[in-house]
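Structure assessment
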Amino acid sequence: MSDHAKALLSRPGVGFTASVAQGCDLRISRVVVDRPTLIVVDHGSKTLEAAGGAWTVAGGEGVALAGGQTFDVTNRLSGRGRYGARWLVWDPSIVAAFERSGEGATLRSVAAFGRLEVSFLAAFDRAIEAIGDADGVPEAVARHRMTEVLVWLSLLGIRFSSAESPSFAARVRRLVEASADARWTAAEVADRLAVSEATLRRRLAAEGTTLGDLLADVRMAQGMLLLQSTDLSVNRVALEVGYESASRFAIRFRRRFGFPPTAIRGHARGAVVGVG
């Protein structure tokens, strides 16, 4: 397997990709997957746990995830002390166009598959390249490359649905994810969603959450991703997700995940750390 540098890239109308790495075994609780996602593990292994079961993916293998799910995730280092994986997330319009073009049952949860064919991996690499090279790869070509990966998945019997999560909390999450560092207020969120503040609070409460909890969780999730996929300092990551104090960010991060931000970079080597 080739090596891949850390990266976090997004291209409007095309998709999102992250190349992540960790320095120790970690268990990460309540990871939200909002949109159809393909993960290829390059080094180490990944285990996903949800109410529907558990799936383990080894180096060189892939797993497809339907959107609108939450997992507990354990990433383990390889025998050589490495963990690395790459994520590919489609712009919803690409999934919708491909969904209309074919038939077959859509994926509702998880599909783990064995080692990927060389041609599949080549298509995966080209799609990632297209997301990161807006100047060199025209949008039409980039969308075609993303669709090519969907074709490969369909040949494995895997088809994604473009349907969005019906939950109100998911709508709020998608809104604040676009600007996690902003100083969101209940009035602004309610206005953007065309509801009253009372309705905002009531509908979130009916789904067992609050705006404050959602904001904190989105910021922690984005902080985790930045720590995994970039070499930004903890101080800079804290600023990127809306915390002026790195110490406050670290306290909230440990409370959310059960380990400090520095654990991502390998400062908690040994047994798996995390929360149950």
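Presented here is an overview of the structure given in this document. Please read these numbers as outputs of a predicted model, since none were measured by experiment.

On a plain count of helices and strands, the chain comes out with nine helices and 11 strands. Its C-alpha atoms give the chain a radius of gyration of 19 Å, within 12% of the compact-globule value 19 Å for 276 residues. Each principal axis of the C-alpha distribution contributes one length, and for the chain these read about 50 × 45 × 40 Å. Buried positions account for 47% of the 276 residues belonging to the chain.

Let us look at the pattern of salt bridges. Tallying each qualifying case throughout the model produces 13 salt bridges. Taking the shortest distance from any N to any O, the salt bridge between aspartate 125 and arginine 86 comes out at 2.7 Å. Placement of the pair is aspartate 125 in helix H2 (residues 118-132) and arginine 86 in strand E9 (residues 83-90), with a sequence separation of 39 residues. Residue classification places aspartate 125 among the partly exposed positions, given a relative accessible area of 34%. The salt bridge partner of arginine 256 is aspartate 217, with a shortest N-O separation of 2.6 Å. Residue arginine 256 is found in helix H9 (residues 246-257), and its partner aspartate 217 is found in helix H7 (residues 211-229); the two are separated by 39 residues along the sequence. Like aspartate 217, arginine 256 is buried.

With that settled, the discussion passes to H2. Between its terminal C-alpha atoms H2 stretches 21 Å, which fits the 21 Å expected from 15 residues at 1.5 Å a residue. Tucked inside the fold, the buried residues of H2 contact strand E1 (7-11), strand E2 (15-22), strand E4 (37-43), E9, strand E10 (110-115) and helix H3 (139-155).

Running from N to C, H2 and H3 cross one another at 150°; their axes reach a closest spacing of 8 Å. Taken as axis vectors, H2 and H3 run roughly antiparallel relative to one another. For the crossing formed where H2 meets H3, the hand is left-handed. Note on element contacts: H3 touches H2 through Ala142, Arg145, Met146, Glu148, Val149, Trp152 and Leu153, opposite Ser119, Phe120, Ala123, Phe124, Arg126, Ala127, Glu129, Ala130 and Ile131. By residue class, the composition of the contact of H2 with H3 is 11 nonpolar, one polar and four charged.

Rules used in this analysis
Residues numbered from 1 in each chain as written. Predicted model: local features only at pLDDT ≥ 70, side-chain atom pairs only at ≥ 80, totals over all residues. Heavy atoms only, no water. Helix = DSSP H or I, 4+ residues; strand = E, 2+ residues; numbered from the N terminus. Rg over C-alpha atoms; globule rule 2.2 N^0.38 Å. Buried < 20%, exposed > 50% of the residue type's maximum accessible area, 1.4 Å probe, protein only. Salt bridge = Lys/Arg side-chain N within 4 Å of Asp/Glu carboxyl O. Expected span 1.5 Å × (residues − 1). Contact = heavy atoms within 4.5 Å. Axes fitted to C-alpha atoms, helices over the stretch in contact; angles between N-to-C directions. Parallel < 35°, antiparallel > 145°, perpendicular 65-115°, else oblique. Left-handed = near helix turned anticlockwise from the far one by under 90°. Nonpolar A, V, L, I, M, F, W, Y, C, P; charged D, E, K, R; others polar.

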